[in-house]
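# Geometric and topological summary
These are the residues of each chain, in order.
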Amino acid sequence: MLTESRFTLFVLCLATSCSGAVGGASSGGDDAAGGDGGSSGVGGDSAGGAVGKPVARNPTFDLACPAGVGPFIGSSPLTRLTNVEYNNTLADLFGPANVQKQGLPAEVIADGFNNDAVAQSPSTVLIENLEAAPITITDATIDKAVGCQAASAVEESACLDKFFSSFAKRLYRRPLTATEISRYKTFVSTLRKTDDFASSVRTLVRGMMQSPQFLYRAETGESASDKNPIKLTGYEVASRLSYLLWDTMPDADLFAAAEAGELDNADGIAKQTMRLMGDPRARGSVSEFVRQWLEYDRIDNNIAKKNATTFPKYTDATKAALSSGLRKFVEDAIWSSDTSLRDMLLSKKAYVSDASAFIYNVGAPGAELKSMAVDNGQRAGLLTQAGFLAGFGHETLQAPILRGIFVLDRLLCQPPPPPPVNVNTALADPPKGAGPTTLRQRIEMSHQKGACASCHKTIDAVGFGLENFDAIGQYRTIENTLPVDARGSISDTFDANGDFNGAVELAERLAKSEQVSECVTAKMVRYALSRAVEPTDGCTISSLTDGMVQSGGDIKSMMLALVKGDSFRYRAPITP
Amino acid sequence: MTSGMTRKLSMLGRRDLLRAAGLGTAATLLPSLRRAEAASGIPTRFVVFYTQHGTLPEPWKPTGPGGVGAASETSFDLGELHQPLASFKKDLILLSGLDMRSWADGPQVACGHVNGQVASLTNFDAISKGNAGGPSIDQYIAAGLKKQNGGVSPTKLPSMNLAAAGDGYFGQAAFFSGPGALVPIESSPTRAYQRLFPNGTSPSTTGPSLDALAAARRRSAAMDVAMGEFAAVENLLGKAEKTKLEAHAAAIKDLQTRLSKAPGGGGTSCMAPTAPAAKVGFRDGGDAMIRMIQAGFACDLTRVASLWMGSTPNADCGYSPGMLGTTDLHDLVHKVDGDMRSNPTAVGVIKKFHIAYSQVFAQLLTALKAIPESDGSTMLDHTVILWAGEIAQGGHGCANLKWMLAGSAGGYFKTGRYLNWGDYNRGEYGPDRNGPSNGDLFSSLANAMGVPTTTYGSNGRSTGPIAKLRG
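Definitions and cut-offs
Residues numbered from 1 in each chain as written. Chains lettered and ligands numbered in written order. Predicted model: local features only at pLDDT ≥ 70, side-chain atom pairs only at ≥ 80, totals over all residues. Heavy atoms only, no water. Helix = DSSP H or I, 4+ residues; strand = E, 2+ residues; numbered from the N terminus. Buried < 20%, exposed > 50% of the residue type's maximum accessible area, 1.4 Å probe, protein only. Contact = heavy atoms within 4.5 Å. Areas by Shrake-Rupley, 256 points an atom, 1.4 Å probe, with all protein chains shown as cover. Phe/Tyr/Trp six-rings, centres within 6.5 Å; stacked < 30°, edge-to-face > 60°. Lys NZ or Arg CZ within 6 Å of the ring centre and 35° of its normal. Disulfide = S-S within 2.5 Å. 1 Å grid on protein atoms, 1.4 Å probe; cavity = no way out; pocket = protein on both sides within 12 Å on 5 of 7 lines; lining within 4 Å. Points joined across faces, edges and corners; volume = space filled by probe spheres on them. Nonpolar A, V, L, I, M, F, W, Y, C, P; charged D, E, K, R; others polar. Buried area = accessible area lost by both parts, 1.4 Å probe. Salt bridge = Lys/Arg side-chain N within 4 Å of Asp/Glu carboxyl O. Polar contact = N/O pair within 3.5 Å; in protein donor to acceptor, adjacent residues only side chain to side chain. Expected span 1.5 Å × (residues − 1). Arc of directions from axis to C-beta. Core = buried A, V, L, I, M, F, W, Y, C linked by side-chain atoms within 4.5 Å. pLDDT = per-residue confidence, 0-100. Pairing = 2+ DSSP bridges. Axes fitted to C-alpha atoms, helices over the stretch in contact; angles between N-to-C directions. Parallel < 35°, antiparallel > 145°, perpendicular 65-115°, else oblique. Left-handed = near helix turned anticlockwise from the far one by under 90°.

### What to know about the overall build of chain A
- If you tally the helices and strands in chain A, you get 25 helices and 10 strands.
- Looking at chain A as a whole, 57% of its 576 residues qualify as buried.
- Expressed as a percentage of contacts within chain A between residues at least 6 apart in sequence, the contacts between residues at least 24 apart total 71%.
- Carbon together with sulfur atoms contributes 53% to the accessible area of chain A, which is approximately 21,900 Å² in total.

### Thoughts on the overall build of chain B
- On a plain count of helices and strands, chain B comes out with 13 helices and nine strands.
- Within chain B, buried positions represent 61% of all 471 residues.
- Looking at chain B alone, contacts between residues at least 24 apart form 73% of all its contacts between residues at least 6 apart.
- Of the accessible surface of chain B, which amounts to about 16,700 Å², a share of 54% is contributed by carbon and sulfur atoms.

### A look at the packing of aromatic side chains
- Counting across every chain of the model gives 30 aromatic pairs over all chains.
- Between the aromatic rings of Phe49 of chain B and Trp387 of chain B, the centroid separation amounts to 5.3 Å while the plane-to-plane angle is 90°, which identifies the pairing as edge-to-face. Here the residue Phe49 of chain B occupies a position in strand β1 (residues 45-51), and Trp387 of chain B occupies one in strand β7 (residues 383-389), the gap between them amounting to 338 residues.
- Relative to Phe413 of chain B, the ring of Tyr412 of chain B lies with its centre 5.0 Å away and its plane at 90°, an arrangement referred to as edge-to-face.
- These aromatic residues form a ring-pair network of at least three members: Phe94, Phe163, Phe164, Phe167, Tyr172 and Tyr184 of chain A.
- Looking at Arg240 of chain A, its charged tip hangs above the ring of Phe568 of chain A, at a distance of 5.5 Å from the centre.
- Sitting over the face of the ring of Tyr351 of chain A, Lys328 of chain A holds its NZ or CZ atom 5.2 Å from the ring centroid.

### Details of the state of the cysteines
Residue and element names in this part refer to chain B.
- Counted under the stated rule, the structure contains four disulfides over all chains.
- The partner cysteine of Cys270 in its disulfide is Cys299, sulfur to sulfur 2.1 Å. Linking Cys270 and Cys299, the disulfide has an S-S dihedral of approximately 100° and is accordingly described as right-handed. Linking Cys270 in the loop between α9 (239-260) and α10 (284-298) with Cys299 in the loop between α10 and β6 (304-308), this pair joins segments that are 29 residues apart in sequence.
- A residue is classified by how much of its surface remains accessible, and Cys270, at 5% relative accessible area, is buried.
- Residue Cys299 is classed as buried on the basis of its relative accessible area, which comes to 0%.
- Taken in N- to C-terminal order, the disulfide-linked cysteines of chain A are connected 1-6, 2-3, 4-5.

### A short note on the layout of surface pockets
- Of the pockets and cavities examined, the second largest pocket occupies roughly 530 Å³.
- Around the second largest pocket, the lining is made up of 24 residues, and of these Arg174, Ala218, Thr220 and Glu236 of chain A together with Leu236 of chain B lie nearest the centre.
- If you list the elements that add at least two residues to the lining of the second largest pocket, you get α6 (178-191), β2 (216-217) and α9 (234-246) of chain A together with α8 (210-234) of chain B.
- Among the residues forming the lining of the second largest pocket, the class breakdown is nine nonpolar, seven polar and eight charged.

### A word on the interface of chain A and chain B
- Facing 65 residues of chain A, the contacting portion of chain B comprises 55 residues.
- Summed over both partners, the interface of chain A with chain B buries about 4,800 Å², with 60% contributed by carbon and sulfur atoms.
- One salt bridge connects Asp195 of chain A with Arg218 of chain B, and the closest N-O pair in it is separated by 2.9 Å.
- Taken together, chain A and chain B are joined by 18 residue pairs in polar contact (both at pLDDT 80 or more).
- For the side of chain A that touches chain B, the elements supplying multiple residues, two or more each, are α2 (124-136), α6, α7 (197-208) and α8 (212-215) of chain A.
- With eight residues, α2 of chain A is the largest single contributor of residues to the side of chain A that touches chain B.
- In terms of residue class, the side of chain A that touches chain B is built from 32 nonpolar, 22 polar and 11 charged.

### A short note on α7 of chain A
All names here are of chain A.
- Its 12 residues give α7 an end-to-end C-alpha distance of 16 Å, which sits within 8% of 16 Å, the value for a rise of 1.5 Å per residue.
- Here α7 lies mainly inside the structure; 11 of its 12 residues are buried.
- Those residues of α7 lying buried are Phe197, Ser199, Ser200, Val201, Arg202, Thr203, Leu204, Val205, Arg206, Gly207 and Met208.
- Where α7 begins, the capping side chain belongs to Asp196, and its oxygen is found 3.3 Å from the backbone nitrogen of Ala198.

### Quick word on helix α3 (residues 139-146) of chain A
Residue and element names in this part refer to chain A.
- Taken residue by residue, α3 has Thr141, Ile142 and Val146 as its buried positions. The buried residues of α3 occupy an angular sector of 135° when projected down its axis, which confines them to one face. Across from the buried face of α3, at angles greater than 90 degrees, the exposed residues are Ala140 and Lys144.
- In this structure, the buried residues of α3 make contact with α1 (83-94), α2, α4 (153-165) and α7.

### Re the nonpolar core
Residue and element names in this part refer to chain A.
- Among the nonpolar cores identified, the biggest contains 156 residues, and Phe94, Phe163, Met208, Leu241, Val330, Met344 and Leu510 are the most heavily contacted of them.
- Here the element with the most residues in this core is helix α22 (residues 514-529); it accounts for nine residues.
- Beyond its immediate sequence surroundings of up to four residues, Met344 is in contact with Trp293, Phe329, Val330, Ala333, Ile334, Gly381, Leu382 and Ile555.

### Some details on the environment of Ser165 of chain A
All names here are of chain A.
- Tracing the chain through its elements places Ser165 in helix α4.
- What makes Ser165 exposed here is its relative accessible area of 52%.
- As for Ser165 and Ile181, which are separated by 16 residues in sequence, their C-alpha atoms are 9.7 Å apart.
- Polar contacts involving the side chain of Ser165 include one to the main-chain carbonyl oxygen of Lys162, which spans 3.2 Å.

### As for the confidence of the model for chain B
All names here are of chain B.
- Predicted confidence across chain B gives a mean pLDDT of 83, with 83% of residues reaching 70 or more.
- For the stretch residues 14-37, pLDDT sits under 50, and the model shows 48 contacts to residues farther than four places along the chain or on other chains.
- We note a pTM of 0.84 for the whole complex and an ipTM of 0.86 for its interfaces.

### With respect to the confidence of the model for chain A
- The pLDDT averaged across chain A works out to 88; a share of 88% of its residues lies at or above 70.
- Low pLDDT, under 50, characterises residues 1-53 of chain A; the stretch is placed with 114 contacts to residues that sit more than four places away or in other chains.

### Re the sheet that holds strand β2 (residues 92-98) of chain B
All names here are of chain B.
- Spatially, seven strands are ordered β3-β6-β1-β7-β8-β2-β9 in an open sheet, and the strand pairing comes out mixed. Every other strand in the sheet has two partners, leaving β3 (160-163) and β9 (417-420) as the edge strands with one partner each. Going across the sheet, the axis of each strand differs from the next one's by a mean of 15°, ignoring polarity.
- With three bridges joining them, β7 and strand β8 (residues 401-406) adopt antiparallel strand pairing. In the sheet register, Leu386 faces β8, and the bridge partner there is Leu405.
- The sheet contacts of helix α12 (residues 344-369) involve β1, β2, β7 and β8, and relative to β7 the element is tilted by about 165°.
- Across the sheet, helix α13 (residues 438-448) lies against β1, β2, β7 and β8, angled at about 5° from β8, the strand it touches most.

### Re the packing of helix α11 (residues 266-277) of chain A against helix α24 (residues 555-564) of chain A
All names here are of chain A.
- Contact geometry of α11 with α24 gives a least axis separation of 9 Å together with a crossing angle of 140°. Judged by the angle between their axes, α11 and α24 are oblique. The handedness of the crossing between α11 and α24 is right-handed. Contacts from Ala266, Ile269, Ala270, Thr273, Met274 and Met277 in α11 reach Lys556, Met559, Leu560, Val563 and Lys564 in α24.
- In terms of residue class, the contact of α11 with α24 is made up of eight nonpolar, one polar and two charged.

### A word on unusual backbone geometry
- Its identity is not glycine, yet Asn480 of chain A carries a phi of approximately 55°, on the positive side.
- Here Asn480 of chain A is to be found in the loop between β6 (478-479) and β7 (482-483).
- Judged by relative accessible area, Asn480 of chain A falls into the partly exposed class, the value being 46%.
- Within the chain, Asn400 of chain B stands out as a residue other than glycine whose phi angle is a positive 60°.
- Structurally, Asn400 of chain B is set in the loop between β7 and β8.

### What to know about the side chain of His354 of chain B
- Checked against the element boundaries, His354 of chain B lands in helix α12.
- The exposure class of His354 of chain B is buried, given its relative accessible area of 4%.

### So, the pattern of salt bridges
- Enumeration according to the criterion identifies 54 salt bridges over all chains in this entry.
- With a closest N to O distance of 3.8 Å, Glu295 of chain A and Arg410 of chain A form a salt bridge. In this pair, Glu295 of chain A is assigned in the loop between α12 (280-293) and α13 (296-303) and Arg410 of chain A in helix α18 (residues 400-411), connecting sequence segments 115 residues apart. Note on accessibility: Glu295 of chain A and Arg410 of chain A belong to one class, buried.
- Measuring nitrogen to oxygen at the nearest pair gives 3.9 Å for the salt bridge that ties Asp77 of chain B to Lys89 of chain B. Taken together, the positions of Asp77 of chain B in the loop between α3 (57-60) and β2 and Lys89 of chain B in the loop between α3 and β2 put the pair 12 residues apart, joining distant regions of the chain.
- A relative accessible area of 27% places Asp77 of chain B in the partly exposed class.
- Using a relative accessible area of 29% as the deciding quantity, one classes Lys89 of chain B as partly exposed.
- Connected through shared salt-bridge partners, Glu128 of chain A together with Lys146, Arg195, Asp254 and Arg258 of chain B make up one network.

Below you can see the structure in the form of C-alpha cells.
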C-alpha cells in the first residue's frame, strides 16, 4: 500500500506562477501538434516559482504560464471511452463472466496515443458495434443488474426508483437528474403498452448504454455558465481518476467519496489516488500509457520478425522473454519504491531467462524471468534492454535510424521532421570492390549528401550510440569484420547537447536532462487529458517537471501531483 | 428466426451460380449496359482494390501486340506484371501518369507511405499527418448514394471496408468519411461475415417473424433513448463538443433507418456464403474477403466496398529476410527503385510481389464475373473497380501513378484501353504534372456511380472528370 509520505519529496508550485519565457517559436513539435499554438509566452518577472527559468525545457515546445491567479488550464475536449475502457466498464457493470469482449474498431492513433478526444469520430462500424454490444448481454444478466422485479404498478414504480438510484447511477457514473428520471419513466410507460415491465427496463438499459452519458465523459462542472475555468464535480473527478488509473469506471469507494464531497479538494483526491495506485489495476492501466509512449506494439512486431539463419539461438521463447522482460523492467522503474525515470535510463539490471541469457552473455538463470545484473560496463537502462534493441532492430540488421528517432521523439519530445520531397530513401550500396562496410558507413554515405543531411545528422548521431548492439540486442565490438564505431552526439536540445561514446554515455546524458523529464511529463499530461499539449498547459507542465527533476524522475509522484492539480480538477469554460 | 434462403455455397463459381440462377448458357454482354441498367434497375457497384509499395513501371506497361513495339490506346498486350489478368484485358482501363495533386501541390512536405495513403483516395490536403482533409472516394460515393436516395442508404451497409491482412507497414489510414474521420478496416472475415449476414443466412424473402419484428422494434426504441440523450447533453456543452455529439447522434439515426429497411434483396444469385474460417492473410484473407464482396453485392447489402491487400508473404515472392542485404521486403522494394534496379534477383522478387497482387485482383474480377445479372450481363459489367495504392513506385513519389480500372460501371466507361499521360522519368521524385489528378479520376468515378460531381478534392486540386475515360 502506498503512503503519501513517499510523495513528499515532490514539490509543487501549482499555486504559484512561474515565469513565462517561451522556449521556441515553433508550435509544430510533437506534443503541440493539433494545438493552435495561439498563445504566446509572457515574459518578465514572476512573483514566485522558478524565477528566471524558462517555462519550456524544449526548444520546440510552446508553453506559457502567466503570472497571476489561475487556474491556467488548456482546452477540455469531450472524451469517448477507449475500447479498453469500454470493455472494462461493461465487465464492472455486469460482471466479467457475463460479458463478452466487444471487438470495436481500433481507435485512431494521434501523436502516438489512442485516446485523443479530437481524433475520435463515430465511424459507421463503431456505431453499429456500440448498438449491437448491449444486445450481446443477455436478458437475464440485465435483469440481475437492474435488481428488482415487479408484479404490480406500485412495484414497478418502486423498482424503477431503485434502478435509477443504483444501477443507472453506476451506468452514468453520477446520480441521474430529475429530468432524466422523468424522461425514462415516460419512456418505460410507453413501452409498457406493448412489452412487459422487465423487457421495457431492459430496452431502457440498452438505450442508456448507447447514450453520451455512458459512452463519453461529458463534464459540465459545477456551474456551466462560468467564463473562467469550471471546477469539476466530485463525480466527474472520480471518473477522471478511475479511467486514468484503472482504465475503468469508478468503484463503490470512489462513488462514496464523490458523494461525500471528498473529491472537491486536493487532499481528498490524493487519498483516493493513493488507494487506486496501490491496487494492481493501476499497473495495468499505467502500462497502457507506457505501451503507447514506448511503442510496445512496434517493439513486439519487430521482436517477432528475426532471421533464423542469422540468429539460430533466437527462438519463440526468446521473443517472449524479450517482450516480457522489457515490460517488467519498465514496470519496476515506475512502481518499485526506490526507482525512477533515472533508474529506467541507467539501471544495470535486466529480466533474463534461459531463452534470453545468450543475448546478455550471462549464465542461464532458469526458465522464468529473473532480475539480474547485466552490466560489464556495456549496458545502461531502457535503451540497452534486449527487448528494446530487438524491437528497434530489423530482421538481420540493427536499426540506428529508428533508434535515433525513438530517442528524439519519445524521450526528448523533439522528433525530426518527416523526409522532404524528392528523396529516395533507399540506402546506397557500397562502391564495388570497396571491401566490407558497416551499416553505419553505408548510412553515412547515403546521408551525407543533399536533402537528407540536415535531419539525419541529428537522427543518426543519436542512433549510432547504440551501434554496439545488433538486431537482437547482443553486444559486439566488431561488425562485418570492422570495429564498431558507437560515437555520437546530441544537438539542438535544451540541455542534452554534447558528444558521447556508446550506449552508457548516451544514457547518462539523457538521465541528466530536464528536457527528458519534461518530455515524459508532457506525454503523461497528454494521455491524462486525452488531448495534445497546449501552450496554456505551461503552468501544469513546468511545475510537474520541477517535481520530476527534484525527485530524480519519480513518475508515480508526478502522476499524483498531476491529478491533484488544476488541470485535472477544472475544465475549460463552456463556449456555446 | 427468419425462414430465408439458407442454402450455402462453399465455392461461388460461375457455373454454380448460373445453375442457381437457372441460366443454362453463358451470359452475353449487351451493347449498351447503361441503358439496360436504367431499365432493369441493376445497381452499379464500386470497389477499391488497395495495394502497397506502388509498382514497377517498366513491367507494368503494356507492350505492342505480341510483345512487339509500343502499345497504343487500343492495341496492346498486358505487361509482365498483369499476365494473370490476360483474360480480362477487355474489361480494363490502364491509367498511366495520374498525380496525387493534393500531395504535389499541397502543404505536405513529403509523400511516402503515410502521406500517400492519406492523399491517394481523397485528393484533399491533409489536416495533420495521417489525417485527410476530406472523404475518400468510396465514402464520398456511399454518402452520395444515400443523398440520392432521399437521405437513406439504399443498402443495409453503406460500405464495406475490408482488409485481406491486418498488416500494413504504415497503418491503414487511407479511408476517411470526412476531415480526420478515419474509417476502420475490417480484417476479420468472421466479423465481416457477421456484419453482412447476422443470422448466418441470406436475407429473407418471406419477411421477418413476429419475434424478429418485436426485437427490431425494441432495438429501435433503445436507439430512440440514446438519441434523446444526445439532444439533451448537447445543450449543456460547448460548440466543439456539440458538433462531435451531433455526428454521433446522426450516425445512430442512420443506423436506425438502415435497420428499419428490409435487409437487402438482390437477385437469384443472393446467397450467404459459408461462414469463413477465422483465417487472415494475403491469400486466405483475400479469398475470404472477395467472397464477402461478391455476396454483399449479390444480395444488394452494399454497393461500395474496398479491399486492402497488405503485404504479400515473403514466400509468395521468394523473399527471405536479409536477402541481398535488405532488412525486409519493403526495404527491397525501395532498393529496386534505386541502386538495385539492374539486379536481376532483386527485380525478380519484386516482380513476383506485384504479380501476386495481380493474381488476387484477377480472383476478385472472376468472382464478380461469376454473378449473372438479370439482363444477361455479369456483375463485373455493372461494377467499376479501382486498383490504387499509396505511392507510385518504390521511390516514395506520388506522381506519375500507374493505376487501373476494371469493369465499365454499366457501360459508363469504355474499357479495353491503355491511357498514358506520360511516363515516369527515373531520378525525378518531384511532382510531375503530365496527367490528370487522382481527384479528376474520382470525379469520373462518382459520376459513373450516379453521384453528380464536378471536381474532387481540396480547392484547385482537380479540374473535373476525365472525359477520355468514356471514349
